[in-house]
Amino acid sequence: MTTPIDAEPPIAPFPANLRASGVPEGDDAFEQVLDVAELAPGTMHRVSRGDLDVLLAHTTDGIVATNDRCPHMSAPLSIGELDGCVVACPLHEGRFDLRSGDPVRMPTTGGLDPDGVYHPTWTPGGREPKVDPPGKKAQARALTRIRRFRYYPVRIRDGRIEVALPPKG
Ligand code: FES
């Protein structure tokens, strides 16, 4: 069966325990953020409200909304690369699955994954593992923990993407 060209894109599901905090239930939380036509399949877009930057991604599973901050060191993912459901960060080459919120490739700087497991600094193949020089910088990299994404519910109304956001502060 073929999908009509003008069919609305699906909304990608996300793990219930990863809903962004502070987002109330109910219709009042939804705000119009973008025309559907402005988010083609395979693209990403940043929308900002106050100091909240939201990443909209049109993945192969549908549209998803999360913070436009890399879960490693907060780089804007919206200027990274989207491949299917995986977003690549422009800063340290970390890759994150937008379906689960999990890293699928740790940043080159290493650190702690969401479960607290330590990953060393990346070393190119065939070379001796890099040894971080002692000091606060290396310590900070090693102790930086990647959090799983937190997600904002999304819906489509009258050709507009709406995202449920926390109340304006
Ligand atoms: S800030 Fe994204 S991988 Fe480091």
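Remember, predicted model here, so these are calculated numbers, not experimental data.

Engineer: Could you clarify how one ought to interpret the packing of aromatic side chains in this entry?
Structural biologist: Describing an aromatic ring pair means giving the distance of the ring centres and the angle of the ring planes. Inspection of every chain in the model, using the stated rule, returns three aromatic pairs. Each ring, one from F96 and one from F149, has its centre 6.0 Å from the other, and the planes form 75°; the classification is edge-to-face. Linking F96 in strand β7 (residues 95-97) with F149 in the loop between α1 (136-143) and β11 (151-152), this pair joins segments that are 53 residues apart in sequence. Classification of F96 as buried rests on a relative accessible area of 0%. Look at F149 and you get buried, because its relative accessible area is 3%. Three or more aromatic residues link up through ring pairs in this structure, and these residues are F14, F96, F149 and Y151. Directly above the ring of F30 sits R155, whose terminal nitrogen or CZ lies 4.2 Å from the centroid.

Parameters at a glance
Residues numbered from 1 in each chain as written. Predicted model: local features only at pLDDT ≥ 70, side-chain atom pairs only at ≥ 80, totals over all residues. Heavy atoms only, no water. Phe/Tyr/Trp six-rings, centres within 6.5 Å; stacked < 30°, edge-to-face > 60°. Helix = DSSP H or I, 4+ residues; strand = E, 2+ residues; numbered from the N terminus. Buried < 20%, exposed > 50% of the residue type's maximum accessible area, 1.4 Å probe, protein only. Lys NZ or Arg CZ within 6 Å of the ring centre and 35° of its normal.

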